[in-house]
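Structural overview
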Amino acid sequence: MSERRRRTPNPGGDGQQPPGGGGRRGGPGRDELSSDGLGRNRSSGARETAQQPRMTRAEMRKAAQKGGKGGRRGAAAGAAVAAADPGKKRFIDYPRWGKTGVRRWLPSWRQWLSAFLLVFAAGVGGVFYLYQTTQIPQLKDLVKDQNTIYYWADGSEMTRKGETNRQIVELTDISPNLQNAVIAAENETFRTDSGIDPKGMLRAVYNMARGGETQGASTITQQYVKNAYLSQEQTLSRKINEFFITLKINQKMEKPDILKGYLNTSWFGRNANGAQAAAQAYYGVNAKDLNLCQSAMLAGLLKGANYYDPSKPANHQRAEERWKWILDRMVETKNTTPEERAKCTTFPEPIPVKINSSMNGEISYLVDTANKYLMLKDKSITQQVIDKGGLKVYTTFEKDKVDALKKAVDDVKGENLNLQKRPDQDKWVQFGSASIRPGDGAIIALYGGEGVENGHFDNNADAIGVQVGSTFKPFVLATAMQIGVQTATDDKGKPKRINADSRYLSDDMSEIRKPDGSLVIGDDGKPYRQKNEDSGKRGYVSLRSAMQWSYNVPFVQLNQDVGGQNVANIAEQMGIKKESFADPKTPTFALGTSTISPIRMATAYGTLAASGKEAEPYSVTKVELDGKERPGFAKPELKVALEPAVADNVTDVLVNVAKNGTGSKSNALGRPVAGKTGTTDQNKSAWWVGYTPQLVTSVAMWREDPTKHERLSLNGTGGKESIHGGDIPTDVFTRYMKAALANEKKMDFPTPQPVGSEVDSSGAPVSQSPTASPTATDTPTAAPTTTPQPGNPNQPQPGNPNQPQPPAPTQGGACVPGVDCPAPQPTQTQHTKTNPGPTNSGCLPLLCPSTPPAPTPTDTTAPPTGKPTGKPTPTTTGGAGGGTVP
């Protein structure tokens, strides 16, 4: 019997051959496990027979788990299971089984819900844990006074600060006036709110995340928590701790206890932490005895004592305005009555600051300068942090240099000022000075005033409000060399860069013209005329000579030619702060109407000394807070502000000023010096800023009525008719620099490389060599015919062979073009020509200035673009007139 006939029936019970059982032996057959039982070929191999029964789903799953160990039966079953069943069920079905494409990776709604519930539960648990483990600091634990220590540049200790005045008192010992004033000013809903301002906290976290400045807490409870932490780090972890402490305090403490803690830990300035200390420091009374007017003033200090302490002149108006606002706010919030408010008509001036002996002499000004730098470089270090202590501040100040500068000022004052002889003129005379290393920026010495022990609290080395006078003129010259004048263009169509041989009209009371040739109009609607220190008519002089004798007219015109805003930009690049500038559009901007501190003037001149490299001034080299060094106090990087050739040429001009001009007193130093004098209108200030290759020092002198905070004239001070920069300020500079440079070798300035070309203003005599070259010293070719005007200290008097003499104004006879010849006088319709014409004047042959012919109606010559070419009319003096003097 054949094999086909011997097969036993299928256990299925129908006695029929299984579907797909026919066919050739060993050939492919049908897959009996397919969903339809038909139509799909089995894989080649041994044919399944009726003696191999079907497996249940459980058996197939078990076979698949064994990985095909059951031979042919296991392999076949495993393949079938792999195609039909996912196997053992997973705890998290991800990636999702049975899905394809993007849907395989998208969580199901059950998974989303599960994840949300899990995160929510973890968050709630975390908040509960942090809330339970956060401890409220005890008020008594906050009284941990530490010193802030300052060190000299050599590492020796300079002084200590931070003996905080703090006394914790009960709320009943604090005047209700102060309590109500603080609530009205800081948090009017304090008595009813939850203690947290969510918007404020989110805003602070957002600012921290993007690297911006954080804002203070907005509720009294939050501010109390902030005071409770000695660390003022603006970090996320600190904000989280602050949040939970605020929650806990608001739940566990009563509002009066919170207010007591806040008023006992708040910083009011003058080293006073807490209401009791503040009441004693500002008014000499106990906190419980403060009246409404005094309380409103003290409440205003909580916004920032550095800005609202009325003891500082710059703060007084701001403090008074805030005082009035708080009083009005108290009425609005019903923390006082209108009748009580009406009693506060006069601002309650605080008592004088109590002097700490460790801050005597120049120390307080050095500490002030270092503190300002600390807070500028590290926003987390505030005055409150400094006063709490724990800082070690390593400064750039050199003790021997500071002592030498103070001695120089004291000696000069002792020799020149006498209150007994001149009680009015010699009173309230002040000095400010700064000494900086060029190319580095380190401030090594300051003179800030007579000392806090003598009632002088402002730091004069960083003073604002004192005009710098003619010390500003080098910035105008540097701009003309770096950018060029708009009255002429180079072969590329750009403003033409000039050198110091360029000649400009110097006649007193000359009209000033814009680059397009039109007249500058003064405030009175008439053509503006600029005056010099004297009334001489010296004609056209080189810019080198104009700087040497500090003539005003040439630099006012040059400022118009280059553009006042360009001058401001160059000065800012050299180190002057933008906020110090006067309006660049004013005609006298070139004459130093800006108010710049001695520190910043020394910085800008240091850029010249360093061949155009600007170094930001710095006073701190390293800071440690609670034993850890703070980042961000590395020496500032140098910036290129001017081309080296420009800076060196300006220096060369200023060397001539110091050697042969208004700064000749500096010759006593016995080494190469460059610098510039400056004196302002009405003689209200006098300056000298000078430098050697190793050191730059600025010295300013002025008079100020401390009761009115207004500048007074220096006329008559020291028994002199007037004080000029080349007099007392230069004397202070020379004495100090002798001591400061005693152990340093003499050094020459770099030899200037060629820069620009000679570009004369309109009307000047034709130059024979208008080529780019280092500028040369002016040498008059004819002796002056008259003596300088008496009484001008900037112009040495005749008969003194040790002082150079300026060229004298011409009164008649032969003249020397470019030195003392008056300018030609064209008619109103004349235009400047470049070619000389015949002249009938009596000047030296071949050297006489030309008088251009009147243009014909078809003349296409452009209108004049320089200064006026004719003599100014003395009877017309429109505009400000005065300006500043050297």
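Located above this text is the structure these notes cover.
To keep things clear, this report deals only with the structure shown in the data block. Along each chain, residue indices are assigned from 1 in the same order as the chain's sequence is written. It should be noted that, the model being predicted, local features are given only for residues of pLDDT at least 70 and side-chain atom pairs only at 80 or more, the latter also being counted only at that level, while totals for whole chains, interfaces and linings use all residues. Values shown for side chains rest on all heavy atoms present in the structure; no hydrogens or waters enter the calculation.

Attention now goes to the overall build of the chain. In terms of helices and strands, the chain carries 24 helices and 21 strands. Each residue's exposure class comes from its accessible area (1.4 Å probe, protein chains only) as a fraction of the maximum for that residue type: buried when under 20%, exposed when over 50%, partly exposed otherwise. A burial count over the chain gives 51% of its 886 residues as buried. What makes two residues a contact is simply this: any of their non-hydrogen atoms within 4.5 Å. Of the contacts formed within the chain by residues at least 6 apart in sequence, a portion of 70% connects residues at least 24 apart. In short, Shrake-Rupley with a 1.4 Å probe defines the accessible areas, and a residue's cover is counted only from the protein chains shown. For the chain, the exposed surface amounts to about 42,600 Å²; the carbon and sulfur share of it is 52%. Helix and strand labels come from DSSP, where a helix needs a run of H or I of at least four residues and a strand needs a run of E of at least two; each type is numbered from the N terminus.

With that settled, the discussion passes to the pattern of salt bridges. In what follows, salt bridge is the name for a side-chain nitrogen of Lys or Arg lying within 4 Å of a carboxyl oxygen of Asp or Glu. Evaluated as defined, the whole model comprises 35 salt bridges. The partner of Asp-193 in a salt bridge is Lys-255, and the shortest N-O contact between them spans 3.1 Å. Here Lys-255 lies in helix α9 (residues 255-265) and Asp-193 lies in the loop between α5 (176-186) and α6 (198-209), a separation of 62 residues in the sequence. Here Asp-193 matches Lys-255 in class, with each residue buried. Measuring nitrogen to oxygen at the nearest pair gives 3.2 Å for the salt bridge that ties Glu-340 to Lys-343. A single salt-bridge network, built from bridges that share partners, covers Glu-398, Asp-400, Lys-401, Arg-437 and Glu-744.

Turning next to helix α13 (residues 316-332). By this rule, a helix spans an expected 1.5 Å times one less than how many residues it contains. For α13, which comprises 17 residues, the first-to-last C-alpha distance of 25 Å matches the rise-based estimate of 24 Å (1.5 Å per residue) to within 8%. Along α13, the residues classified as buried are Ala-319, Arg-322, Trp-323, Ile-326, Leu-327 and Met-330. Relative to the axis of α13, the buried residues are bounded by an arc of 140° and lie together on one face. Set apart from the buried face of α13 by more than 90 degrees, the exposed residues are Gln-317 and Glu-332. Check the buried side of α13 and you find it contacts α5, α11 (292-301), α12 (305-308) and α14 (338-342). A positive backbone phi angle near 60° is found at Lys-334, which sits one or two residues after α13. Of all possible arcs, the one meant is that of the directions from the helix axis to the C-beta atoms.

Take the packing of α5 against α11 next. Axis definition: a line fitted to C-alpha atoms, over the contacting stretch in the case of helices. Angles run 0 to 180 degrees between N-to-C directions. In the contact formed by α5 and α11, the axes pass within 8 Å of each other and the chain directions differ by 40°. The angle between α5 and α11 falls in the class oblique. α5 and α11 meet at a crossing whose hand is right-handed. In contact with Asn-177, Leu-178, Ala-181, Val-182 and Glu-186 of α5, α11 contributes Leu-292, Ser-295, Ala-296, Leu-298 and Ala-299. Three residue categories are used. Nonpolar comprises Ala, Val, Leu, Ile, Met, Phe, Trp, Tyr, Cys and Pro, charged comprises Asp, Glu, Lys and Arg, and polar comprises the others, including Gly. Within the contact of α5 with α11, the residues separate by chemical class into seven nonpolar, two polar and one charged. With respect to orientation, any angle under 35 degrees is reported as roughly parallel, any angle over 145 as roughly antiparallel, any angle of 65 to 115 as roughly perpendicular, and every other angle as oblique. Left-handed describes a crossing whose near helix is turned anticlockwise from the far helix by less than a right angle; the clockwise case is right-handed.

Before going further, it helps to spend a moment on the packing of aromatic side chains. The relative placement of two aromatic rings is captured by the distance of their centres and the angle of their planes. Within 6.5 Å between ring centres, the rings of Phe, Tyr and Trp (the latter by its six-membered ring) count as paired, and their orientation is classed by plane angle as stacked under 30 degrees, edge-to-face over 60, tilted in between. A complete count under the given rule lists 12 aromatic pairs for this structure. Considering the side-chain rings of Phe-116 and Phe-120, the 6.2 Å spacing of their centres and the 20° angle between planes classify their relative orientation as stacked. With Phe-116 and Phe-120 both in helix α4 (residues 109-133) and four residues apart, this pair spans about one turn of that helix. No difference in accessibility class separates Phe-116 from Phe-120, as the two residues are exposed. Between Trp-688 and Phe-733 the ring centres are 5.8 Å apart and the planes differ by 70°, which places this aromatic pair in the edge-to-face class.

A word on the nonpolar core. Across soluble globular proteins, nonpolar side chains have a tendency to be buried as a group. Side-chain atoms within 4.5 Å link the members of a nonpolar core, which is a set of buried Ala, Val, Leu, Ile, Met, Phe, Trp, Tyr and Cys residues. The biggest cluster of nonpolar side chains holds 117 residues, and the ones touching the most others in it are Phe-472, Phe-475, Leu-558 and Tyr-736. Among the elements that take part in this core, helix α23 (residues 644-660) stands out by supplying eight residues, more than any other. Judged by nonpolar contacts, the second largest core, of 46 residues, contains Val-169, Ile-249, Tyr-282 and Leu-292.

For the rest of this paragraph, the subject is the sheet that holds strand β15 (residues 620-625). Any two strands with at least two DSSP-identified bridges between them are counted as paired. Spatially, β2-β1-β5-β15-β16 is the arrangement adopted by the five strands of the open sheet, whose pairing is mixed. Each edge of the open sheet is held by one strand with a lone partner, namely β2 (157-161) and β16 (628-629). Strand direction decides the pairing type here: strand β1 (residues 148-151) and strand β5 (residues 391-395), joined by three bridges, are parallel. Of the residues in β5, the one forming a bridge with Ile-149 is Lys-392. Across the sheet, helix α15 (residues 363-377) lies against β1, β2, β5 and β15, angled at about 75° from β2, the strand it touches most.

Looking now at helix α22 (residues 598-609). Helix length check: α22, at 12 residues, gives a terminal C-alpha distance of 16 Å against a target of 16 Å (1.5 Å per residue), a fit within 8%. Of all the 12 residues making up α22, 12 are buried; the element is thus mostly covered by neighbouring parts of the structure. Those residues of α22 not exposed but buried are Pro-598, Ile-599, Arg-600, Met-601, Ala-602, Thr-603, Ala-604, Tyr-605, Gly-606, Thr-607, Leu-608 and Ala-609. After α22 finishes, the residue Ser-611 shows a positive phi value of roughly 55°.

Its location among the elements puts Gly-304 in the loop between α11 and α12. The exposure class of Gly-304 is buried, given its relative accessible area of 15%. Taking the C-alpha atoms as reference, Gly-304 lies 8.6 Å from Trp-267; in sequence the two are 37 residues apart.

What follows covers the packing of helix α18 (residues 473-482) against helix α21 (residues 564-574). Here α18 crosses α21 at 105°, and the two axes come no closer than 9 Å. With respect to α21, the element α18 is oriented roughly perpendicular. Contact residues: Phe-475, Val-476, Ala-478, Thr-479 and Gln-482 in α18; Asn-566, Val-567, Ile-570, Ala-571 and Met-574 in α21. Among the residues forming the contact of α18 with α21, the class breakdown is seven nonpolar, three polar and no charged.

Let us now look at the pairing of strand β7 (residues 443-447). Within β7, five of the five residues are buried, which leaves the element mostly enclosed by the surrounding structure. Examined bridge by bridge, strand β6 (residues 429-436) and β7 share four bridges and lie antiparallel to one another. If you follow Ser-433 over to β7, its bridge partner there is Tyr-447.

We now examine a nonpolar patch on the surface. Residues enter patches when their relative accessible area tops 30% and they take part in no salt bridge; the joining distance is 9 Å for like charges and 5 Å for the nonpolar side chains Val, Leu, Ile, Met, Phe, Trp and Tyr. A surface patch of nonpolar side chains, about 680 Å² in accessible area, is lined by Trp-109, Leu-113, Phe-116, Leu-117, Phe-120 and Val-124. Residue position: Leu-113 is located in helix α4.

Here we take up the pairing of strand β19 (residues 685-691). Summarising burial for β19: seven of the seven residues are buried, a large majority. Pairing of strand β18 (residues 674-679) with β19, which is carried by six bridges, proceeds in the antiparallel orientation. Counterpart to Gly-678 in the pairing with β19 is Trp-687. If you look at the hairpin formed by β18 and β19, you'll find five residues sitting between the two strands, and Gln-682 has a positive phi there, around 65°. Pairing between β19 and strand β20 (residues 696-705): seven bridges, direction antiparallel. Looking at the pairing, Ser-685 lines up with Trp-702 of β20. Hairpin connection from β19 to β20: four residues lie between these consecutive antiparallel strands.

This part covers the environment of Val-393. Looking at where Val-393 falls in the secondary structure, it is placed in strand β5. Residues Val-393 and Glu-624, spaced 231 residues apart in sequence, show a C-alpha to C-alpha distance of 6.7 Å.

Another aspect to go through is unusual backbone geometry. Positive phi outside glycine occurs at Met-509, with the angle close to 60°. Topologically, Met-509 is positioned in the loop between β10 (503-505) and β11 (510-511). Taking relative accessible area as the criterion, Met-509 reaches 15% and is therefore assigned buried. One non-glycine residue, Ser-550, adopts positive backbone phi at about 55°. Residue placement: Ser-550 occurs in the loop between α19 (543-548) and α20 (552-562). Assessed through its relative accessible area of 2%, Ser-550 is described here as buried.

Structurally, the position occupied by Gln-383 is in helix α16 (residues 383-388). Polar contacts, as counted here, are pairs of nitrogen or oxygen atoms within 3.5 Å of one another; within protein the pair requires one atom able to donate a hydrogen and one able to accept it, and residues that are adjacent in sequence qualify only if both atoms are side-chain atoms. Within the structure, the side chain of Gln-383 is placed 3.5 Å from the side chain of Asn-306, a separation counted as a polar contact. Residue contacts for Gln-383: discarding those within four places in its chain leaves Lys-161, Trp-267, Asn-306, Asn-371 and Met-375.

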